[in-house]
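Chain and residue survey
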Amino acid sequence: MKRAMEGVLLDFDGTLTKPAFDWPTMKEEMELLDEEVSILDYLPTLSPERAREISDILEKHELKAADIAEANDGSHALIAYLRTRKIPFGVVTNNAERHVLKMVKKINISFEVLITRDIGYWKPDPRPMLAGAEAIGVSPEKCVVIGDGKYDMMAAKAAGMLSVHLTERSSIPSDLTLRSLRDAPALLKQLIDK
């Protein structure tokens, strides 16, 4: 299974942190019925007044998630593994930087590269992944993406990266799956020669 991969891009919410978003409640409050539409893609289609209402609901839920954030099992060990092996890595998230930085302090984790939706585009668009690859100095085809969501996998595929879905049961297309983040170092050892 060895592949000549060189760098790692990680999702944040639900990957480095335990899942904390109540997506069904949030989408119900927003009256967003189409499960295929991302909230961030939905906002620009709305009137300014309605967009503010949706943004306020999103902000409320993001603040709540930041307040209750917990490190996912294996996240500290994974970051330590990447640092010890000197594997370039970064975080690519659809969350806002202000929320991520709050959670980073709360869960006592650190990384140098952070790409958020504040750059003006977000997953499933591949550009955040491509920005992450550039920031860690690794070509896209040499990047491994680990994430828990559909948009992570879609963005990774569109960017030409190896996608690893963190899930106990996957119905989302990905190159590989991980049941637990605790298993990530062993998988990366097979994929990255360092």
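Preceding block: the structure.
Just so you know, these numbers come straight off a predicted model, no measurement behind them. Residue positions are given per chain, counting from 1 as you read along its sequence in written order. Per-residue local features of the predicted model are confined to residues with pLDDT of at least 70, and side-chain atom pairs are confined, for both listing and counting, to 80 or more; whole-chain, interface and lining totals are unaffected and use all residues. Based on all heavy atoms of the structure, the side-chain values leave hydrogens and waters out of the count.

1. Description of empty space enclosed by the protein
Basically, it comes down to this: A cavity here means a set of points on a 1 Å grid, drawn over the protein atoms and nothing else, where a 1.4 Å probe fits but cannot get out; a pocket is an open set with protein on both sides within 12 Å along at least five of seven lines, and a residue lines either one if it has an atom within 4 Å of a point. Grid points are joined across faces, edges and corners, and a volume is the space filled by probe spheres set on the points. Side-chain classes are defined by residue name, with Ala, Val, Leu, Ile, Met, Phe, Trp, Tyr, Cys and Pro counting as nonpolar, Asp, Glu, Lys and Arg as charged, and the others, Gly among them, as polar.
Evaluated as defined, the whole model comprises one cavity of 30 Å³ or more. Size it by volume and the largest cavity reaches roughly 30 Å³. If you go around the largest cavity, the residues you meet are D13, G14, T17, K18, P19, A20, F21, A65, A69 and M103. Broken down by class, the residue content of the lining of the largest cavity amounts to six nonpolar, two polar and two charged.

2. Description of the packing of aromatic side chains
The cut-off we apply is this: Aromatic rings from Phe, Tyr and Trp, taking only the six-membered ring of Trp, are treated as a pair when their centres fall within 6.5 Å; an angle between ring planes under 30 degrees marks them as stacked, one over 60 as edge-to-face, and anything in between as tilted. A helix here means a DSSP run of H or I that spans at least four residues, while a strand means a run of E at least two residues long, and both kinds are numbered starting from the N terminus. A 1.4 Å probe rolled over the protein chains alone gives each residue an accessible area, and that area as a share of the maximum for its type sets the label: buried under 20%, exposed over 50%, partly exposed in between. Remark: a charge is flagged as sitting over a ring if the NZ atom of Lys or the CZ atom of Arg is within 6 Å of the ring centre and within 35 degrees of the ring normal.
Under the counting rule described, the total for this entry stands at one aromatic pair. Their ring planes at 65° and their centres at 6.2 Å tell us that F12 and F111 sit as a pair that is edge-to-face. Of this pair, F12 sits in the loop between β1 (7-10) and α1 (23-30) while F111 sits in the loop between α5 (97-107) and β3 (114-115), placing them 99 residues apart in sequence. Residue classification places F12 among the buried positions, given a relative accessible area of 0%. The aromatic ring of Y121 is capped on one face by R127, whose charged end is 4.1 Å from the ring centroid.

3. Considering the layout of surface pockets
Unoccupied space between atoms shows up once a probe the size of one water molecule is rolled over them. Estimates place the volume of the largest pocket at around 920 Å³. Taken together, 33 residues form the lining of the largest pocket, with W23, D148, G149, K150 and Y151 sitting closest to its centre. Residue assignment for the lining of the largest pocket shows that the elements contributing at least two residues are α1, α2 (39-42), α3 (48-68), α7 (150-158) and β5 (162-166). Residues belonging to the lining of the largest pocket are distributed by class as follows: twelve nonpolar, ten polar and eleven charged. In this model, the second largest pocket occupies a volume close to 210 Å³. Contributing to the lining of the second largest pocket are 13 residues, with G14, P19, N72, L166 and R179 lying nearest its centre. Split by residue class, the lining of the second largest pocket holds three nonpolar, four polar and six charged.

Shape is all these values report; function is a separate question.
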